[in-house]
Amino acid sequence: MSGTSPALEPPADAARPVRHPDAPAPGELLGAHYGQCFGCGGEQPHGLHLEARAGEGVSVTAEFTVRPAHQGAPGLAHGGVLATALDETLGSLNWLLRTIAVTGRLETDFVRPVPVGTVLYLEAEVTAVARRKIYSTATGRIGGPEGPVAVRADALFVEVEVDHFIDNGRPEEIRAAMADPDQVRRARAFEVNP
């Protein structure tokens, strides 16, 4: 990515990321972390419905189709929607580390317009870990893994305790997420965004 700020440069003592032994297998669909999530939740009628899959090492791939509800300029995806897709994909990486983390910083380059009707193919990987900080990068391509680059991002995620969400979220949504009988889904409800 061009012009990455110093805040997104891992320190000299940063470690290489290590995939958690219980992480989903490469190729496995990660599923929505929360039904109401605008990025990946199926309960959001105008959401991205982004689907992420575990990759090799500490990487993921994801796709979403740009729909008319996602446009900014006529016929083109809104830049904020594209940034959301990058953020959602980058946040999914934390599931491979089995870490609850929130976006601390996201820097995005918009390389080319993305038309409505386009499938945006995203690839992301964790590049380094330094204590509670997780450094990662992502690329979005038009049409597939070999398509032209449309967007890129570098990000810094910060590991948090589940109390971060319990203390700051709306009580009714927190209760609903905690009541979900699926242990994996319940743990995943508390990840990605601050």
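Notes on the structure in this doc start here. Since we're looking at a predicted model, the values are computed, not measured. (Residues numbered from 1 in each chain as written. Predicted model: local features only at pLDDT ≥ 70, side-chain atom pairs only at ≥ 80, totals over all residues. Heavy atoms only, no water.)

1. Some remarks on helix α1 (residues 79–97)
Next up, step 1: For α1, spanning 19 residues, the distance from its first C-alpha to its last is 28 Å, which sits close to the expected 27 Å at 1.5 Å a residue.
Next up, step 2: For α1, the buried fraction is high: 16 of the 19 residues fall into the buried class.
Next up, step 3: Arg98 occupies a position one or two residues after α1 and carries a positive phi of about 55°. (Helix = DSSP H or I, 4+ residues; strand = E, 2+ residues; numbered from the N terminus. Expected span 1.5 Å × (residues − 1). Buried < 20%, exposed > 50% of the residue type's maximum accessible area, 1.4 Å probe, protein only.)

2. Here we look at the packing of aromatic side chains
Next up, step 1: In the structure shown here, the tally under the stated rule is zero aromatic pairs.
Next up, step 2: Over the ring of Trp95 we find Arg98; its NZ or CZ atom is 4.5 Å from the centre of that ring. (Phe/Tyr/Trp six-rings, centres within 6.5 Å; stacked < 30°, edge-to-face > 60°. Lys NZ or Arg CZ within 6 Å of the ring centre and 35° of its normal.)

3. Brief notes about the state of the cysteines
Next up, step 1: As enumerated under the stated definition, the model contains zero disulfides in all.
Next up, step 2: Here Cys37 stays unpaired: no disulfide links it, and the sulfur of Cys40, its closest cysteine neighbor, is 3.9 Å away.
Next up, step 3: Under the relative-accessibility criterion, Cys40 is labelled buried at 9%. (Disulfide = S-S within 2.5 Å.)

4. What to know about the pairing of strand β2 (residues 59–65)
Next up, step 1: Two elements, strand β1 (residues 51–54) and β2, share four bridges in a ladder whose sense is antiparallel. Note that in β2 the partner of Ala54 across the bridge is Val60.
Next up, step 2: Between the end of β1 and the start of β2, which pair antiparallel, lie four residues, with Gly57 showing a positive phi angle near 60°.
Next up, step 3: Relative to strand β4 (residues 119–130), β2 runs antiparallel, the two being bridged by seven bridges. Across the sheet, residue Ala62 finds its bridge partner in β4, namely Leu122. (Pairing = 2+ DSSP bridges.)

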